[in-house]
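Read off the chains here:
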Amino acid sequence: MKKAITIALCAVLAAACASKAPTPSASAGGAKDKFVVGYSQSNNAEPYRAQLNLQLKHFLKKYPDIELLPIADAKQSSATQVSQVQNFITQKVDALIVSPTEPAPLTAAVEQACAAKIPVIVLDRTVNTDCFTAFIGGDNVLIGKKAGEEAVKLLPDGGNVVELRGILSNQPQIDRDKGFREAIAANPKIKIIADREGKWLKEQATPIMQQWLAQHPKIDLVYGHNDPMALGAYLAAQAAGKAEQIKFIGIDGLAIPDGGIRAVQLGQLSSTFIYPTGAQEAADTVNKILHGRQVDKQQVLGTTQVSKDNAPELYKQYDLSGQN
């Protein structure tokens with residue numbers, strides 16, 4: 001009998017999660033005076049994510065009837081993030097935003113929110129379910145390909161490349177590696193001679209690059225899966241007196257003093273690619289959801305290559321430092 005009951009309960013939960021993700025009318029109805037939104041961020045220590053947090057708060061100010069609870073920092077721990085999501089479910093938030101640390105561990109938690117009829121916006125990184133209201137994020141395979149195409153241009157005669165990867169279980173890392181390798185295949189003389197997990201952090205990338213410089217007499221280009229890692233490698237090469245001999249490519253293109261756009265202007269990076277935070281789109285989407293309006297389930301954001309020519313204009317376009 002117990003086994004039969006367990007099977008029945010599992011079937012009910014599976015059916016709930018397999019059904020259509022919660023609709024705005026099911027969760028909010030547009031009748032409330034104040035809506036409460038929870039956000040679980042994968043890791044506030046990454047400059048990209050810190051900027052995303054600031055931008056989300058900024059853009060949500062346009063909607064005074066939406067209260068964003070203190071942003072929960074998972075600190076790169078999936079277990080912590082699952083607990084955070086479950087806590088938001090217990091609080092019965094009106095909507096939930098999640099930037100998953102890893103797709104698989106967060107899948108069940110997102111499905112629990114779905115079963116609780118809480119609209120979920122998956123921001124930047126995917127989960128292994130379609131039981132959410134909207135996904136907002138960039139095309140990481142495309143961005144990786146564009147980085148690879150730039151590497152081919154920078155190394156027309158071929159060369160040795162080292163690759164600083166994000167957390168290996170993160171989908172953006174997988175996609176950025178895939179796209180890059182596909183693109184550099186256009187020139188068989190370009191070889192990736194080393195790659196390591198840099199965990200998206202500058203302080204992780206610098207000692208890795210120091211080791212590579214000691215191990216490999218010739219490195220022609222560094223591909224960092226984000227700007228902090230590319231800049232961490234640049235600092236190591238600069239200290240070794242080899243920065244001028246090496247090209248550096250990053251991804252993120254943040255308009256902050258120590259971000260990728262400024263680094264291109266300063267000649268530290270050869271190029272970077274803007275990876276939109278999706279903060280404005282998330283704010284607008286959650287507002288639509290909470291007021292019973294339809295939203296696109298898949299919102300894939302574009303990218304722009306940053307060069308010395310367009311860096312000043314792009315910095316001005318994306319800089320929010322002078323805004324409240």
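Quick caveat: nothing in here was measured; it's all calculated off a predicted structure.

Right, let's talk about the pattern of salt bridges for a bit. Applying the stated criterion across every chain yields a total of 14 salt bridges. With a closest N to O distance of 3.4 Å, aspartate 284 and lysine 62 form a salt bridge. Of the two residues, aspartate 284 is situated in helix H11 (residues 279-290) and lysine 62 in the loop between helix H3 (47-60) and strand S2 (66-68); the sequence distance between them amounts to 222 residues. We classify aspartate 284 as partly exposed; its relative accessible area is 22%. Of the charged contacts in the structure, one is a salt bridge between lysine 199 and glutamate 197, with a shortest N-O distance of 3.1 Å. Taken together, the salt bridges that share partners define one network made up of Glu163, Arg165, Asp177, Arg181 and Asp195.

On to the state of the cysteines, then. Counted by the stated rule, this structure contains 1 disulfide. Disulfide pairing places cysteine 114 opposite cysteine 131 at an S-S distance of 1.8 Å. Judged by the sign of its S-S torsion, about -45 degrees, the cystine formed by cysteine 114 and cysteine 131 is left-handed. Of the two residues, cysteine 114 sits in helix H5 (residues 103-115) while cysteine 131 sits in the loop between strand S5 (120-123) and strand S6 (134-138), which places them 17 residues apart along the sequence. Exposure remark for cysteine 114: the relative accessible area of 2% places this residue in the buried category.

Reading the values: the criteria
- Residues numbered from 1 in each chain as written.
- Predicted model: local features only at pLDDT ≥ 70, side-chain atom pairs only at ≥ 80, totals over all residues.
- Heavy atoms only, no water.
- Salt bridge = Lys/Arg side-chain N within 4 Å of Asp/Glu carboxyl O.
- Helix = DSSP H or I, 4+ residues; strand = E, 2+ residues; numbered from the N terminus.
- Buried < 20%, exposed > 50% of the residue type's maximum accessible area, 1.4 Å probe, protein only.
- Disulfide = S-S within 2.5 Å.

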